[in-house]
Structures are given as C-alpha cells and as structure tokens.
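What follows is the residue order along each chain.
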Amino acid sequence: LSLHGSPFLKPFFLKTPVRVVSSLRQRRHTLPASEFRNLTPQDAISVFEIEREAFVSVSGECPLTLDEVLNFLSQCPELSLGWFEEGQLVAFIIGSGWDKERLSQEAMTQHVPNTPTVHIHVLSVHRHCRQQGKGSILLWRYLQYLRCMPGLRRALLICEDFLVPFYLKAGFKEKGPSAISVSNMQFHEMEYALGGQAYARRNSGC
C-alpha cells in the first residue's frame, strides 16, 4: 500500500508556517509542519531511539529490537504509521499481520500476510512530545486508516495494567490476561473491532 494509493495517508497539515524568515530558515520550513505516513526501513533508527528511551527507562525492555523494527518495516510497512513534524519523527505505531484468535509468543516476532487481524506491537511518542495527547491522536488516525484497508477485521495488542484505561477509552475491549510474558511482566490482551462500523467508515475519508 503506497502513500499516494491511500486517501487516508495523504500528507495532513496541522498548521502552515507563515513567518517571514531568513533563506536558511525558510528552506527548513518547506518541510510539512505535520505529516502522517507509513514508515520505511530508513526510519528504523529513529523509531528505535524513541522506543528505547520510552520503554527501557520504565521496564528495562524494548517491545521490538532494532532488527525486529527493520524486519516489520520491510515486510509490512503498510501496517505502520509515523507522525512527523518538520521532517522529524515524533510518534509512531508498528503493526504486523496475525492469523490466530489470541496473541502468542510467536506473534511478537512474526508477520503473517493476508490475514484479517493486525497485531499492534508498539505505540511510542518522543519524550519532548509527551503529555500533549499525541498518542491518542496517532492511535485514532491509525485505527481509521486500518478501517480503510480491505479485509481487516480487528486489531489486537497487549499492554500492562496502567495502560488498560487508555486503550478502553480508544474503543478497545479487554480479552483477558495474555499468555505472553516478557521478563516476568504480565499483560492484558485488548481487541478493537474494525468491521461493522459503517458510520465511522463513511466519515473517515476512505
């Protein structure tokens, strides 16, 4: 799925710089003020740096290693979404395909193509952009984008206790304790239904 082939992922501008600035600064501001697009393997290092800072300080573990980030962005870039401000990555989501009812340990590293389920591996926001609602905005746009992709019926993820309210507010339902464990951490499995939401689809720009 290319950027230009998806009406939902056409560059989206939150603001337009209007200041008269020097030629050097003016050139910098030719980049979109705010843009959402699929990630590519060239974005992997920026992705991993944001992920590492966000997760290692809290749990000591990254959901995805750099090799796994590269793997998913090579195999299924259409299931990722990055938020860029003036060309810099500020938040991202990485997903992959999955073919079973519940997530298992294998789902953490595998992409199964042509399936109705998306496994959301990680949502992360740059440390300088937190507490601004960016995670909620990006997740909403990602779910709207998934609705536009034919054949997708649901999204699954696992999260710790403190994140359950965040995902419930976004429309996920809790499926119960997850069978997946990482460094003795326990998780909840959450599910979001993508099908059967005609009103949302009609108003999402698909």
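This text follows the structure it describes.
Computed from a prediction, not measured in an experiment: that's the story for all the values here. (Residues numbered from 1 in each chain as written. Predicted model: local features only at pLDDT ≥ 70, side-chain atom pairs only at ≥ 80, totals over all residues. Heavy atoms only, no water.)

Chemist: An account of the pairing of strand β4 (residues 117-125) is requested, with residue identities and associated values reported.
Modeler: Among the nine residues that make up β4, nine are buried, leaving the element largely enclosed by the rest of the structure. Where strand β3 (residues 88-98) meets β4, eight bridges bridge the pair, whose relative direction is antiparallel. Bridge pairing in β4 places Ser-96 opposite His-119. Bridge count for β4 against strand β5 (residues 154-159) is three bridges, and the pairing is parallel. Note on β5: the bridge partner recorded for Val-118 is Ala-155. You can see the chain leave β4, run along helix α4 (residues 134-147) and come back into β5, and the turn it takes is right-handed. (Buried < 20%, exposed > 50% of the residue type's maximum accessible area, 1.4 Å probe, protein only. Helix = DSSP H or I, 4+ residues; strand = E, 2+ residues; numbered from the N terminus. Pairing = 2+ DSSP bridges. Right-handed = clockwise from strand over helix to strand, strands pointing away.)

Chemist: How would you sum up the side chain of Ser-80? Please name residues and give values.
Modeler: Summarising the element assignment, Ser-80 is placed in strand β2 (residues 80-85). One polar contact links the side chain of Ser-80 to the main-chain carbonyl oxygen of Pro-77, over a distance of 2.7 Å. Setting aside chain neighbours within four positions, we find Ser-80 in contact with Asn-38, Leu-39, Leu-73, Ile-93, Ile-94, Tyr-142 and Tyr-145. (Polar contact = N/O pair within 3.5 Å; in protein donor to acceptor, adjacent residues only side chain to side chain. Contact = heavy atoms within 4.5 Å.)

Chemist: So what's going on with the layout of surface pockets? Residues and values would help.
Modeler: If you add up the space inside the largest pocket, you get close to 1100 Å³. Lining the largest pocket we find 36 residues, and of these Phe-55, Leu-123, Phe-162, Leu-163 and Tyr-167 sit closest to its centre. Secondary-structure elements contributing two or more residues to the lining of the largest pocket are α2 (44-59), β4, α4, β5 and α5 (164-169). With seven residues, β4 is the single largest residue contributor to the lining of the largest pocket. Residue classes in the lining of the largest pocket are distributed as 21 nonpolar, ten polar and five charged. (1 Å grid on protein atoms, 1.4 Å probe; cavity = no way out; pocket = protein on both sides within 12 Å on 5 of 7 lines; lining within 4 Å. Points joined across faces, edges and corners; volume = space filled by probe spheres on them. Nonpolar A, V, L, I, M, F, W, Y, C, P; charged D, E, K, R; others polar.)

Chemist: Account for helix α3 (residues 66-75), naming residues and giving values.
Modeler: Every α-helical turn comprises 3.6 residues, leaving residues that sit three or four positions apart pointing alike. Within α3 the residues assigned to the buried category are Glu-68, Val-69, Phe-72 and Leu-73. The buried side chains of α3 occupy one side of the element, clustering within an arc of 130 degrees when seen end-on. (Arc of directions from axis to C-beta.)

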